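Listed below are the residues making up each chain.
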Amino acid sequence: MIYKVLYQKDQIQNPRRETTETLYTQSDSAIKVREILEAKTDFNVESIEELSGNYLEYEQKSPNYKLTDLAEL
C-alpha cells in the first residue's frame, strides 16, 4: 500500500501549512510507517493517509510525487 505522510522536520514545530512537508512511501500498514519514522527521524508526524484508487492516481500526477524507501532514512 502507498501512504502519504504529512510532517514537520522537527518534533517541536507546530503543524502549519508553511512548515508541513510530504513524504510518500510504501508499506504494509500505517502503524509500521509511524514506527519506522519515530525510530529513525525527529519528524513531527501530522497524519498518515492510505492512498488508493482515484486519490492515488491524482497524487501520482503531482510533480512532488516520489516514493521514499523508509529503510534508506
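Look above for the structure.
The structure displayed is predicted, hence computed values, not measured ones.

About the thresholds
Residues numbered from 1 in each chain as written. Predicted model: local features only at pLDDT ≥ 70, side-chain atom pairs only at ≥ 80, totals over all residues. Heavy atoms only, no water. Helix = DSSP H or I, 4+ residues; strand = E, 2+ residues; numbered from the N terminus. Buried < 20%, exposed > 50% of the residue type's maximum accessible area, 1.4 Å probe, protein only. Contact = heavy atoms within 4.5 Å. Phe/Tyr/Trp six-rings, centres within 6.5 Å; stacked < 30°, edge-to-face > 60°. Pairing = 2+ DSSP bridges. Core = buried A, V, L, I, M, F, W, Y, C linked by side-chain atoms within 4.5 Å.

Explain the overall build of the protein chain here, please?
Helices and strands together make up the secondary structure of the protein chain, namely two helices and four strands. Helices and strands appear in the protein chain in the N-to-C order β-β-α-β-α-β. Across its three principal axes, the protein chain shows a C-alpha extent of roughly 35 × 25 × 20 Å. Looking at the protein chain residue by residue over its 73 residues, the buried ones come to 32%. Across the protein chain, contacts joining residues at least 24 apart in sequence account for 67% of those joining residues at least 6 apart.

How should I be thinking about the packing of aromatic side chains in this particular structure?
Each aromatic ring pair is characterised by the separation of its centres together with the angle its planes make. Scanning all chains against the criterion turns up two aromatic pairs. Seen in terms of ring centroids, Tyr7 and Phe43 are 4.1 Å apart; in terms of plane orientation they differ by 20°. Their pairing is stacked. One end of the pair, Tyr7, is in strand S1 (residues 2-8); the other, Phe43, is in the loop between helix H1 (30-40) and strand S3 (44-51), and 36 residues separate them in sequence. A relative accessible area of 18% places Phe43 in the buried class. Ring centres of Tyr24 and Tyr65 lie 4.8 Å apart, and the angle between their planes is 55°; this geometry places the pair in the tilted category. Residue Tyr24 is located in strand S2 (residues 21-26), and its partner Tyr65 is located in the loop between helix H2 (53-60) and strand S4 (67-68); the two are separated by 41 residues in the primary sequence. Judged by relative accessible area, Tyr24 falls into the buried class, the value being 4%. Judged by its relative accessible area of 19%, Tyr65 is buried.

What is the right way to read the pairing of S2 from this model?
Judged from the six bridges that link them, S1 and S2 form a sheet pairing that is antiparallel. Looking across to S2, one finds that Tyr3 is bridged to Thr25. Where S2 lies against S4, two bridges are found, and the strand directions are parallel. Opposite Tyr24, over in S4, you have Leu67 as the bridge partner.

Is there a simple way to think about the nonpolar core in this case?
The nonpolar side chains of a soluble globular protein tend to be buried, and buried together. Counting ten residues, the largest nonpolar core is built from Tyr3, Val5, Tyr7, Leu23, Val33, Leu37, Phe43, Val45, Ile48 and Leu70. Looking at this core, the elements with two or more residues in it are S1, H1 and S3. When residues in this core are grouped by element, the largest group, three residues, is from S1. Once residues lying within four places of it in the same chain are set aside, the contact partners of Phe43 are Tyr7, Gln8, Lys9, Gln11 and Leu37. With five residues, the next largest nonpolar core counts Ile2, Leu51, Leu56 and Tyr65 among its residues.

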